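Breakdown of the fold
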Amino acid sequence: MAEFEPVQISSGSLTLEVLPYGVTIHRFLVKTGEQTHDLVLGPESPDGHKTQKYTNSIVGRYANRIPVGTHVLQRGKYTSSFTAQANENPRVSLHGGPIGLDAVVWSIAKDPSLFTEAELAKLKAADPASYAIFRYVSPDGDQGYPGKLTVETLIALVDAPSADASVVDERSLGAVTIVYRAKLNDQATVTPVNLTQVKRFNRSSRRFSDSPFKHWGFNLNASLPSHELTIRGHTLNLQTDHLVVRDADSLSTGFASTAGDAVHTHDGKQIGVRSPDAGYDDYYLLKEGAASAAPTRIESAAFTAGLDLISDIIKAKYDRSVAELASSASGLKISFDSNQHGLMVYTNDLSSASRGARKLAHGGSGVSGHGDAYGPGDAVFLEFHHPLTAFLEPKNKDKEDTLLTSDEIYHNFVRCSVALVGN
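Residues numbered from 1 in each chain as written. Predicted model: local features only at pLDDT ≥ 70, side-chain atom pairs only at ≥ 80, totals over all residues. Heavy atoms only, no water.

Focus: the overall build of the chain
Broken down by element type, the chain carries one helix and 26 strands. Taken against the 2.2 N^0.38 rule, which gives 22 Å for 423 residues, the C-alpha radius of gyration of the chain at 20 Å falls within 12% of a compact globule. Each of the three principal axes of the chain carries a C-alpha extent, and together these read 60 × 50 × 45 Å. Considering the chain as a whole, with its 423 residues, one finds that 58% of them fall into the buried category. Counting only carbon and sulfur atoms, one obtains 51% of the accessible surface of the chain, whose full area is about 15,800 Å². Across the chain, the 40 positively charged side chains and the 48 negatively charged ones have centroids separated by 2 Å. (Helix = DSSP H or I, 4+ residues; strand = E, 2+ residues; numbered from the N terminus. Rg over C-alpha atoms; globule rule 2.2 N^0.38 Å. Buried < 20%, exposed > 50% of the residue type's maximum accessible area, 1.4 Å probe, protein only. Areas by Shrake-Rupley, 256 points an atom, 1.4 Å probe, with all protein chains shown as cover. Lys, Arg positive; Asp, Glu negative; His and termini not counted. Charge placed at Lys NZ, Arg CZ, Asp CG, Glu CD.)

Here we look at the sheet that holds strand S17 (residues 252–257)
One key point about sheets: their strands pair by backbone hydrogen bonds, in either a parallel or an antiparallel sense. In spatial order, the strands read S14-S24-S23-S19-S16-S17; together these six strands make up an open sheet with antiparallel pairing. Each edge of the open sheet carries a strand with a single partner, namely strand S14 (216–218) and S17. When strand polarity is set aside, the average angle formed by the axes of neighbouring strands in this sheet is 30°. Pairing of strand S16 (residues 240–246) with strand S19 (residues 281–286), which is carried by three bridges, proceeds in the antiparallel orientation. For Thr240, the partnering residue across the bridge sits in S19 and is Leu286. (Pairing = 2+ DSSP bridges. Axes fitted to C-alpha atoms, helices over the stretch in contact; angles between N-to-C directions.)

Some words on empty space enclosed by the protein
There is about 60 Å³ of room inside the second largest cavity. What lines the second largest cavity is simply Val193, Asn194, Thr296, Arg297, Gln340, His386, Glu400, Thr402, Leu403, Leu404 and Tyr410. The class makeup of the residues in the lining of the second largest cavity is four nonpolar, five polar and two charged. (1 Å grid on protein atoms, 1.4 Å probe; cavity = no way out; pocket = protein on both sides within 12 Å on 5 of 7 lines; lining within 4 Å. Points joined across faces, edges and corners; volume = space filled by probe spheres on them. Nonpolar A, V, L, I, M, F, W, Y, C, P; charged D, E, K, R; others polar.)

Points about unusual backbone geometry
One non-glycine residue, Ser250, adopts positive backbone phi at about 65°. Backbone geometry places Asn348, a non-glycine residue, at a positive phi of 65°.

Here we look at the pattern of salt bridges
Using the criterion set out here, one finds 20 salt bridges in the structure. Across the pair Arg27 and Asp38 runs a salt bridge whose closest N-O atoms are separated by 3.7 Å. Of the two residues, Arg27 is situated in strand S3 (residues 24–32) and Asp38 in strand S4 (residues 35–38); the sequence distance between them amounts to eleven residues. Residues Arg27 and Asp38 agree in their burial class; the two are buried. (Salt bridge = Lys/Arg side-chain N within 4 Å of Asp/Glu carboxyl O.)

Quick notes on the side chain of Arg297
Among the secondary structure elements, Arg297 is positioned in strand S20 (residues 297–299). A residue is classified by how much of its surface remains accessible, and Arg297, at 15% relative accessible area, is buried. A distance of 3.1 Å separates a polar side-chain atom of Arg297 from the backbone oxygen of Lys399. Within the local environment of Arg297, its side chain forms a polar contact with the backbone oxygen of Leu403, the two atoms lying 2.8 Å apart. Those residues in contact with Arg297 that sit more than four places away from it in its chain are Arg75, Lys399, Glu400, Asp401, Thr402, Leu403, Leu404, Glu408, Ile409 and His411. (Polar contact = N/O pair within 3.5 Å; in protein donor to acceptor, adjacent residues only side chain to side chain. Contact = heavy atoms within 4.5 Å.)

Things to note about the confidence of the model for the chain
Caution applies to low-pLDDT regions: their predicted coordinates should not be interpreted in detail. Here the chain averages 92 in pLDDT, while 94% of its residues score no lower than 70. Per-residue pLDDT stays below 50 along residues 199–215; that stretch engages in 89 contacts with residues further than four places along the chain or on separate chains. (pLDDT = per-residue confidence, 0-100.)

Some details on the pairing of strand S24 (residues 380–384)
Most of S24 sits out of view: five of its five residues are buried. Sheet topology note: the S14/S24 ladder contains three bridges and is antiparallel. In the strand pairing of S24, Trp216 is matched with Leu382.

Description of the sheet that holds S3
The four strands lie next to each other as S1-S2-S3-S4, forming an open sheet whose pairing is antiparallel. With one partner strand each, in any of the chains shown, strand S1 (7–11) and S4 form the two edges of the open sheet. Averaged over all pairs of adjacent strands, the angle between strand axes in this sheet comes to 20°, irrespective of strand direction. Sheet topology places S1 next to strand S2 (residues 14–19); five bridges connect them, and they run antiparallel. The residue of S2 that forms the bridge with Ile9 is Leu16.

Brief notes about the environment of Thr51
Looking at the secondary structure, you find Thr51 in the loop between S4 and strand S5 (65–67). Residues Thr51 and Ala103, 52 residues apart in the sequence, show an inter-C-alpha distance of 10.0 Å.

Observations regarding the nonpolar core
The biggest cluster of nonpolar side chains holds 60 residues, and the ones touching the most others in it are Phe28 and Phe218. Per element, the largest residue contribution to this core is six residues, and it comes from strand S12 (residues 170–184). In contact with Phe28, other than residues within four places in its own chain, are Leu14, Thr15, Leu16, His37, Asp38, Leu39, Val40, Val176, Trp216, Phe218, Cys416 and Val418. In terms of nonpolar packing, the next biggest core, distinct from the first, is built from 15 residues, Leu123, Val158, Val179 and Ile313 among them. (Core = buried A, V, L, I, M, F, W, Y, C linked by side-chain atoms within 4.5 Å.)

Considerations on the environment of Asp372
Structurally, Asp372 can be placed in the loop between strand S23 (342–346) and S24. Accessibility expressed as a relative area gives 17% for Asp372, which makes it buried. When the C-alpha atoms of Asp372 and Leu388 are compared, they prove to be 33 Å apart, with 16 residues separating the residues in sequence. Not counting residues within four places of it along the chain, the set of residues in contact with Asp372 comprises Ala353, Arg358, Gly364, Ser365 and Val367. There is a polar contact of 2.7 Å between the side chain of Asp372 and the backbone nitrogen of Ser365.

Structure representation (structure tokens):
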């Protein structure tokens, strides 16, 4: 399996092209009548992801930023330590270190070990073309992280439910569900784990590319003929009430309420209305109880053959949503649910059209460095993951601390439902 040869996953109106290189979603195609939309930005050529980093790929073992240095880890009866390696600047380790899981080749898991018999039976009852499970084994000490870690990622497409006569202004087109599972192969240890898909941008000469899919760089208008590329007219609705306060290097210093904050209250307003001058690049915390109650860790003793955490998130009819992005121009709406407690929102304002390539389907030349790549405001990225460096906060000890022990299996899901509104 070539690293840049797309694995095609198809069901109904939806098709994904996923690369073994970094489990990268190269294309997210949605068929609406005679129009086919590609909802995610990126290079035209699959191998362009090698240089156009962090574009709809998975991150390293830990999403977002960690202070560089050695950190002592403790969860329950287990203790270890790890040294976060600098890659964004001397103070910051970004997305798991210099060589993350985005820059390695994953294999197709023919015999998955991190999904139960009941879950696999549910998947096998579906069309085999509608899902794939990717696997990678990260060695002990990888980028400074303790423990040999097996990671498996399920990407599944879900058919649209039968038409509901009571819903006259919205038609479901199906959904994408991504499930991340991870387990330490070593005994009696603990390691940080906080996975997501990522975004890309370039800040300055001193900063490297940043992330994402889950989650992903979206533009719901980009495939429309003769239409402005910007997402500033898209509407965004988030079930959030706090955002992270960050220092000059974007390291977390705590949370601030968004109550009464017109800029950071996303209640269906257009993204470009009451937005910061530099656009959005913010981590938002979901309201208490908004995230799915599905566990983020499973005790090994409870990980039995009959356990099934998949059926509910790959069913056709699904009503939960913690985030919605919509475009009146295309009529498309995407709705998200997750068991993660927050998400990054980034509007691509630190990018430059002079770097990278833009897809032909989005009106670009497809040629890197041609000067017609994606620029500020050309995409919005939504990355669902737990709060930044949660394991450094004493109040999180032995709770949602983003630490995984040898006695647990990591479980993280994001579901993206696609609908056509007003058509």
